[in-house]
Amino acid sequence: MRITDDPGGRPEVQAWRSVPRPAWPILRELVIHGPQSRTALARKVGLSGASLTRLTKPLVESGLIAERDIAYDPVNGRPTRPLEVVADSLRFLGVKITADRVFAVVTNLRADVVAEDEVALTGLAPTTVVAQIGELADALVARTGPPVAAGITLGGDAHTPAALDETELVDSGRLGWERVPIRRLIGERLGIPCVVKNDVTALAYSHQWFGAARGVSDFAVVAIGAGIGYALVLHDREVRATEADIGEFGHQILDPSGPACAIGHRGCASAYATTRSVLRAAGQGLRRSPSYPEVLRLAEAGDPVCSAVVREAAWALGMMIGNVANSTMVKTVIVAGEGGDAARVARADLERGVAARRRDYASLAILTQPHHFTDWARGAAVAAIRSYVEGTD
């Protein structure tokens, strides 16, 4: 069963497709930053008042944007009717694939989650994963209505080979995939346009448009979990990287005399900070197999074994952040995944690690948030929203 056989036939989709290119920056600004006066909007998109009125009039008439109640413009004090995008007229599907589960959300145009669900994977064969994504999407759509586009994210590298007219997943070590045409397969199953992105890159999009990095042109995301992920945005643009590049980032040497990682590097970032490394070190000290949340709880309670492990993981994360700031000159770094939870428990050790690599560490804004896979699925939806609003892949 496909979600919809003709998403392009819906009036709201037709209205979006008929938007002239000069009006795209207006819609983008309203999607990202919410309701604004005409004066503020014209200033931000670099248009005269007359040009803004000419471009927004058909958008109001078609129902894409609406006028709010009268308010007073903070710039000139005059009464105005702020404009806002009609966010609930469109739905977007976001799917995050891990090595054992699929997490999915449906959002509106401003990435507000209206429904969410998850399912355990019964296998990692692409056909199996696509089938389970389809079933999960069907269940969500029955509650929310059909989406107009979908974003799919996972730990891997998506690109378009010159000889193929489709986005292929070059490699995903966690899924055991190589050159899988996942975009085409999922698009055929769902019947709507799909984009496939690296999960950390999509999370960066989410922060850039609707989260902690909104209004920040240069920032990085460091994600710690089953592996180590990294995304860099400079001058509002993603710096593209392959999975091999990200792998090198996760195996940078922090202490040559440190513990060995799973592939034999001694003292690299992965040996300290990944979920596997934390659980292995804690398990050796506790002489049993704890869960990651339990290790954090015990560390907060003062358990000497878990405190030492979490402090070391936070220190390693701080070293990585210091390296990122020094090499890219970004001043904002967002920490995602379970590593963010460790960083909050041992914040002083995180800062100690940053200070070991950067003298002016106080100039950095290091932002951590609780780890929820729903946020990663929302990032996938944002990738779809971004593609839909900007007309890009």
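Everything below is about the structure printed above this text.
Residues numbered from 1 in each chain as written. Predicted model: local features only at pLDDT ≥ 70, side-chain atom pairs only at ≥ 80, totals over all residues. Heavy atoms only, no water.

Caption draft 1: Examining the nonpolar core more closely. Formed by 42 residues in total, the largest nonpolar core has its most connected members in Val222, Tyr230, Leu317, Met320 and Ile321. Once residues lying within four places of it in the same chain are set aside, the contact partners of Met320 are Ile224, Ile228, Phe249, Gln252, Ala269 and Ala273. Ala15, Val31, Leu64 and Leu109 belong to the second largest nonpolar core, which has 36 residues in total. (Core = buried A, V, L, I, M, F, W, Y, C linked by side-chain atoms within 4.5 Å. Buried < 20%, exposed > 50% of the residue type's maximum accessible area, 1.4 Å probe, protein only. Contact = heavy atoms within 4.5 Å.)

Caption draft 2: Geometry of the sheet that holds strand β6 (residues 101-107). With respect to topology, five strands assemble into an open sheet ordered β7-β6-β5-β8-β12, the strand pairing being mixed. Strands at the two margins of the open sheet, each flanked by one partner only, are β7 (113-120) and β12 (194-198). Taken over all neighbouring pairs, the strand axes of this sheet differ in orientation by 15 degrees on average, direction set aside. Both strand β5 (residues 92-97) and strand β8 (residues 149-154) contribute to a ladder of six bridges, which runs parallel. The residue of β8 that forms the bridge with Lys96 is Thr153. (Pairing = 2+ DSSP bridges. Helix = DSSP H or I, 4+ residues; strand = E, 2+ residues; numbered from the N terminus. Axes fitted to C-alpha atoms, helices over the stretch in contact; angles between N-to-C directions.)

Caption draft 3: Highlighting the packing of aromatic side chains. Within the structure shown, the criterion is met by six aromatic pairs. With centroids separated by 5.4 Å and ring planes inclined at 80 degrees, the aromatic side chains of Phe92 and Tyr388 adopt a geometry described as edge-to-face. Remark: Tyr388 occurs in helix α15 (residues 373-390) and Phe92 occurs in strand β5; sequence separation between them is 296 residues. Note on Phe92: relative accessible area 0%, which makes it buried. What links up through ring pairs into an aromatic cluster is the set Trp16, Phe92 and Tyr388. Across from the ring centre of Tyr205, 4.0 Å away, lies the NZ or CZ of Arg386, which sits over that ring. (Phe/Tyr/Trp six-rings, centres within 6.5 Å; stacked < 30°, edge-to-face > 60°. Lys NZ or Arg CZ within 6 Å of the ring centre and 35° of its normal.)

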